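Here's the letter readout for the chains.
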Amino acid sequence: MARPEPFQLSPGALTLADLRALWAQSRPITLDPAYIGAIEASAETVAAVLRDGKRVYGVNTGFGSLARNTIDADQLGELQRRLVLSHSAGVGAPLSERVVRLILILKINALARGYSGIRLEVIETLLALVNGDAMPVIPAKGSVGASGDLAPLAHLSGVLLGEGEVDLAGKRMPAATALKRLKMRPIELGAKEGLALLNGTQVSTALALDGLFAAIDVFTAALTAGAMSVDAALGSDTPFDPRIHEVRGQPGQIAVARLLGGLLAGSGIRTSHLDCDRVQDPYSLRCQPQVMGAALDVMGSAAAMLEREANAVSDNPLVFADTGEILSGGNFHAEPVAMAADMIAIAIAEIGALSERRIALLTDAHMSALPAFLVAEPGLNSGFMIAHVTAAALASDNKALAHPASVDSLPTSANQEDHVSMATNGARRLGEMAFNSSNIVAIELLAAAQGIDLRQPLTTSPPLQKALAAIRGRAAFLDHDRAMAPDITAVHGLIAEGWFSRALANTDGLLGLATPKPL
């Protein structure tokens, strides 16, 4: 396979589409040379402060509650080294390589804007790790999301010193060994450089983006599943009439109604019962635009916040080379990321909850007018009975996980850091939540496909026939009981690969959310 084209990074200008592409596929990264001057000017400003003998937090002082301690000039490099080593205190399973790669890119993006006082050499070393497929091993737990993601970023930064572990081309080894194989040497940190590396919201932001991109794939699959369930249950497309949604004015609702109407257009199943005596469908069918539209709007708001944060300078203190000032503030506080993660969590939970209700509807013969549990000879066969139980368990799990993280705080660092965001906790759970909802939706896709097949010789719409073919390419019709876990896993894979996002990408663009290229 040909190596992907390099991506030229212009610091501060990453779009959501850029971020999704870099998340989805590893690519070589180059730095726009136009930004080198700002990087060098920032580093020179720090050097000038030291020459002038000024006392500046993080440059020649201790950290956190030890900020009043002044450090001698001949110990400044050692100060930064010890900072990195002491903060490498994370625990738990390592973050995925995909997330770590995104963390590295976000850290390079922030440092290269030229407000962090860090030398070009350090940024180039980070670039070499990305381009060498050398991913620092970063324990997932240990950040409270204020003063930056200190512990996880310390594990990342330790690799630059030859400390810690690295996954190099899929093989784990000591960092010193990995650097040697890449023909790189450990670096010696200068004044402020360790602090610039450790401060920042890049870990929580990368985790939140990872959750967002997975949630988008779940969302698009759930739209398709919802449309298929409408047809399988002999539901009506009248609730998707655009006039209903225009008078409310919610943009996500309008977009979802348009998408659902388009997915159902041309359905022979729908035509067959235009004159039936059913007056209204249950809410899980009828209110999809209202529920899924709200989820879309919330994800869009969170996406905008995360796009801004991905381009933010979030370490401390910040260096303003134009005036020669170094100012201490609090951009490391990850409250925007924490709140964005909470928004995404609520959306993921509701997407899964609505899908679970449609599975319950389809498997109930009184509601769907289909065989009980969607299988011939109910009683001898249990059909989708326990698949629905699995969906219910996953939906309930997400309810607990959706509790907001941003309302939590515990003081740290001897009460100097007396309010924290818990953004990393909030962002990290999104992957598990998206996994849960993806599997709920996978079960619904299987159930809806089963229902549509049971309506033969009537046929569904052309767009849903394409989805049905993709599902049947992974899982056959259930003519009698068999183990369903492999089928669920197979269709979950279809969702995780972005099939449904690509199928819908031409239809609406999902209000600017970063969807993959269309099929």
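Our structure's up above, just so we're on the same page.
Colleague: Break down the overall build of the protein chain for me, with residues and values.
Modeller: From N to C terminus, the protein chain includes 21 helices and nine strands. Over its C-alpha trace the protein chain gives a radius of gyration of 26 Å, about what one expects of a compact globule, namely 24 Å for 519 residues. Each principal axis of the C-alpha atoms in the protein chain carries an extent, and together these give about 85 × 50 × 45 Å. Here the contacts in the protein chain between residues at least 6 apart in sequence split such that 77% fall between residues at least 24 apart. Carbon and sulfur atoms form 55% of the exposed surface of the protein chain, whose accessible area is close to 21,000 Å².

Colleague: Any chance you could break down the sheet that holds strand 6 (residues 165-168) for me, citing the residues and the numbers?
Modeller: Within the open sheet, the three strands sit side by side as 4-6-7. Their pairing is antiparallel. Across the chains shown, the open sheet's two edge strands, defined by having one partner strand only, are strand 4 (134-136) and strand 7 (171-174). The average undirected angle you get between the axes of adjacent strands in this sheet is 35 degrees. Sheet topology places strand 6 next to strand 7; four bridges connect them, and they run antiparallel. If you follow Asp 167 over to strand 7, its bridge partner there is Arg 172.

Colleague: Let's hear about the pattern of salt bridges: which residues, and what values?
Modeller: By the definition in use, this model includes 17 salt bridges. Notably, a salt bridge pairs Arg 119 with Glu 193, separated by 2.7 Å at the nearest N-O pair. Taken together, the residues span a long stretch of sequence, with Arg 119 in the loop between helix 4 (97-111) and helix 5 (120-131) and Glu 193 in helix 8 (residues 193-198) at a distance of 74 residues. Its relative accessible area of 29% is what places Arg 119 among the partly exposed residues. Accessibility expressed as a relative area gives 2% for Glu 193, which makes it buried. With a shortest N-O distance of 2.4 Å, Arg 429 and Asp 342 are connected by a salt bridge. Linking Arg 429 in helix 18 (residues 423-454) with Asp 342 in helix 15 (residues 335-363), this pair joins segments that are 87 residues apart in sequence. Here Arg 429 and Asp 342 have matching classes, each one buried.

Calculation notes
- Residues numbered from 1 in each chain as written.
- Predicted model: local features only at pLDDT ≥ 70, side-chain atom pairs only at ≥ 80, totals over all residues.
- Heavy atoms only, no water.
- Helix = DSSP H or I, 4+ residues; strand = E, 2+ residues; numbered from the N terminus.
- Rg over C-alpha atoms; globule rule 2.2 N^0.38 Å.
- Contact = heavy atoms within 4.5 Å.
- Areas by Shrake-Rupley, 256 points an atom, 1.4 Å probe, with all protein chains shown as cover.
- Pairing = 2+ DSSP bridges.
- Axes fitted to C-alpha atoms, helices over the stretch in contact; angles between N-to-C directions.
- Salt bridge = Lys/Arg side-chain N within 4 Å of Asp/Glu carboxyl O.
- Buried < 20%, exposed > 50% of the residue type's maximum accessible area, 1.4 Å probe, protein only.

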